[in-house]
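Residues per chain are reported as follows:
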Amino acid sequence: MVKGKSAHFAAKFWLGFNSFVLLFLAVNISTIGVELSSHWPFLIALGYMVFMSIYLSRWAHWKVIALLAIGLAAVGVFGLELIVGKVNSGMQPLAITHIALSLILLIGGFAQLKAERRITEI
């Protein structure tokens, strides 16, 4: 019984952790929107927040897969832009922060999948 409760707690912890990271990513994207004076980053940040509210509503396997896809896409886009040099010097810290948070989100998503797998095994 204790093993089942600890696995359930671990899954809930990773769910909260990942939603917290999504919140930081949305704030980072909004900051990028301020720097660029563009409305597109605000719409993307709103999309992050909408996904976060759906993500927290109930656990489902597809939500974690979407979470991993979001993290991987963000790492890819911002990483490519940094490598190619399309990010100006004022935006580099925000891009690096976004890559770091997205990597943390990827790790958290994999940890949540692992914790959920433990629950189903019990």
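Look up a bit, the structure's there.
1. Section: helix α3 (residues 61-84)
- Counted at 1.5 Å a residue, the expected span for α3 with its 24 residues is 34 Å, and the 34 Å between its end C-alpha atoms agrees.
- For α3, the full list of buried residues reads Lys-63, Val-64, Leu-67, Leu-68, Gly-71, Ala-74, Val-75, Phe-78 and Gly-79.
- Positive backbone phi, at 90 degrees, marks Gly-85, one or two positions downstream of α3.

2. Points about the side chain of Gln-112
- Among the secondary structure elements, Gln-112 is positioned in helix α4 (residues 92-121).
- By relative accessible area, Gln-112 is classed as buried at 0%.
- Sequence-distant contacts of Gln-112, that is, excluding residues within four places in its chain, are made with Ala-11, Trp-14, Leu-15, Asn-18, Tyr-55, Trp-59 and Val-64.

3. Thoughts on the layout of surface pockets
- As a volume, the largest pocket reaches approximately 350 Å³.
- Along its surface, the largest pocket is lined by 17 residues, and Ile-32, Ile-44, Val-77, Phe-78 and Glu-81 are the ones closest to its centre.
- Per element, the largest residue contribution to the lining of the largest pocket is five residues, and it comes from α3.
- Broken down by class, the residue content of the lining of the largest pocket amounts to 13 nonpolar, two polar and two charged.

4. A word on a nonpolar patch on the surface
- The grouping of Phe-20, Leu-23, Phe-24, Val-27, Trp-40, Leu-43, Leu-46, Met-49, Val-50, Ile-54 and Trp-62 at the surface amounts to a nonpolar patch, some 1100 Å² of accessible area in total.
- Of all the secondary structure elements, the ones that give two or more residues to the nonpolar patch are α1 (2-36) and α2 (40-57).
- For the nonpolar patch, the leading source of residues is α2, giving six residues.
- For Trp-62, a relative accessible area of 52% corresponds to the exposed category.

5. Observations concerning the packing of aromatic side chains
- One pass over the full model with this rule turns up five aromatic pairs.
- Where Trp-14 meets Phe-17, the ring centres are 5.2 Å apart and the plane angle is 80 degrees; that geometry is what we call edge-to-face. Note that Trp-14 and Phe-17 are positioned in helix α1 at a spacing of three residues, about one turn of the helix.
- Judged by its relative accessible area of 23%, Trp-14 falls in the partly exposed class.
- Note on Phe-20 and Phe-24: the rings are 4.8 Å apart at their centroids and 80 degrees apart in plane angle, and the pair reads as edge-to-face.

About the cut-offs
Residues numbered from 1 in each chain as written. Predicted model: local features only at pLDDT ≥ 70, side-chain atom pairs only at ≥ 80, totals over all residues. Heavy atoms only, no water. Helix = DSSP H or I, 4+ residues; strand = E, 2+ residues; numbered from the N terminus. Expected span 1.5 Å × (residues − 1). Buried < 20%, exposed > 50% of the residue type's maximum accessible area, 1.4 Å probe, protein only. Contact = heavy atoms within 4.5 Å. 1 Å grid on protein atoms, 1.4 Å probe; cavity = no way out; pocket = protein on both sides within 12 Å on 5 of 7 lines; lining within 4 Å. Points joined across faces, edges and corners; volume = space filled by probe spheres on them. Nonpolar A, V, L, I, M, F, W, Y, C, P; charged D, E, K, R; others polar. Patch = residues over 30% accessible without salt bridge, like charges linked within 9 Å, V, L, I, M, F, W, Y side chains within 5 Å. Areas by Shrake-Rupley, 256 points an atom, 1.4 Å probe, with all protein chains shown as cover. Salt bridge = Lys/Arg side-chain N within 4 Å of Asp/Glu carboxyl O. Phe/Tyr/Trp six-rings, centres within 6.5 Å; stacked < 30°, edge-to-face > 60°.

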